[in-house]
Amino acid sequence: LWITFSDGYLWWAFSEPEVAWRGTDDPLLGPRSRSTIGPWRNASIAGRPLRTQSLTSKLTQVGNYRQTICQAGHDAYLLRKINDTSELIFAEAEAARKTLIEVATRMIGELHWADFEVLADLILARGGWQRVSVLGETMADIDLIIEQPTLGERATVQVKSRANQSVLNEHIRHFQRSGETRTFFICHSPDGKLSTNATAGVHVWAGSELAAVAVKSGLFEWLMDRVG
């Protein structure tokens with residue numbers, strides 16, 4: 001098994017056992033060659049991209065080796081990544097995260113409306129968005145206009161305690177007429193699964209998706225304080 005790092009990915013292939021003499025001592029060509037069995041691949045057996053940024057530095061530091069060939073080391077980790085298997089501690093972490101999101105979903109369902117508005121504001125703020133204005137009193141379909149100062153991008157926000165697909169569809173129609181490029185539809189307790197219908201620029205945070213965003217934003221303990 002051979003690996004290399006290029007264009008932000010780990011690439012791997014199996015080699016043929018034979019080494020062929022190329023008939024030259026030209027250092028630019030290399031005196032020997034060895035063919036691979038099949039093409040080089042930058043994804044796991046299941047097709048998951050092997051991006052360098054998602055791999056441990058214990059393995060990726062091998063990419064700094066300045067000569068041609070070396071032992072990669074950390075073979076067990078490398079094989080797990082290629083074969084899409086995980087160590088027990090990773091499986092435990094995945095189970096813990098799933099439980100955390102399930103509990104956060106229930107806690108969000110217990111929030112008072114005013115606290116839910118604060119939660120939405122905190123999530124957006126921790127994502128780098130700043131509130132520009134509040135429009136809820138004059139424009140029924142838009143509660144906030146927010147801005148991402150580093151990107152110079154604006155977005156609209158609609159916060160709903162309850163909503164079904166028809167309510168979301170109406171918001172999408174308003175958004176498409178608004179001239180804005182991005183909108184966030186944040187729902188406390190959705191009535192069924194909400195879909196953006198692949199509309200560009202529309203982000204829906206509701207149910208477990210909203211809980212996952214809240215947990216990722218570091219707001220689990222904040223939720224505990226509000227429902228405890």
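These remarks concern the structure in this document. The model shown is predicted, which means the values in this text are computed figures rather than measured ones.

Let us now look at the packing of helix H4 (residues 113-126) against helix H6 (residues 207-216). For any two helices packed against each other, the geometry comes down to the angle between their axes and how far apart the axes lie. Between H4 and H6, the least distance of the axes is 10 Å, while the angle of their chain directions is 60 degrees. The angle between H4 and H6 places the two elements in the oblique class. Note on packing geometry: the crossing formed by H4 with H6 is left-handed. Note on element contacts: H6 touches H4 through Leu210, Val213 and Ala214, opposite Phe116, Leu119 and Ile123. In terms of residue class, the contact of H4 with H6 is built from six nonpolar, no polar and no charged.

What follows deals with H6. Gly207, Leu210, Ala211, Ala214 and Val215 are the residues of H6 that are buried. Down the axis of H6, the buried set is contained in an arc of 135 degrees. They therefore lie on one face. Residues of H6 that are buried in the fold lie against helix H3 (88-109), H4, strand E9 (183-190), strand E10 (202-206) and helix H7 (220-227). Taken from the residues just after H6, Gly218 is the one with a positive phi, measuring 75 degrees.

Counting residues in hydrophobic clusters, the biggest one holds 27 residues, and the most contacted among them are Ile108, Leu119, Phe184 and Ile186. For this core, the elements supplying multiple residues, two or more each, are H3, H4, strand E7 (144-148), strand E8 (153-163), E9, H6 and H7. It is H4 that contributes the most residues to this core, five residues altogether. When near neighbours in sequence (up to four residues on either side) are disregarded, Phe184 contacts Leu124, Trp129, Ile146, Ala155, Thr156, Val157, Gln158, His171, His203 and Trp205. Of all hydrophobic cores here, the second largest spans 10 residues; its members include Leu168, Phe185, Val202 and Ala206.

Here is what the cut-offs are and how they apply
- Residues numbered from 1 in each chain as written.
- Predicted model: local features only at pLDDT ≥ 70, side-chain atom pairs only at ≥ 80, totals over all residues.
- Heavy atoms only, no water.
- Axes fitted to C-alpha atoms, helices over the stretch in contact; angles between N-to-C directions.
- Helix = DSSP H or I, 4+ residues; strand = E, 2+ residues; numbered from the N terminus.
- Parallel < 35°, antiparallel > 145°, perpendicular 65-115°, else oblique.
- Left-handed = near helix turned anticlockwise from the far one by under 90°.
- Contact = heavy atoms within 4.5 Å.
- Nonpolar A, V, L, I, M, F, W, Y, C, P; charged D, E, K, R; others polar.
- Buried < 20%, exposed > 50% of the residue type's maximum accessible area, 1.4 Å probe, protein only.
- Arc of directions from axis to C-beta.
- Core = buried A, V, L, I, M, F, W, Y, C linked by side-chain atoms within 4.5 Å.

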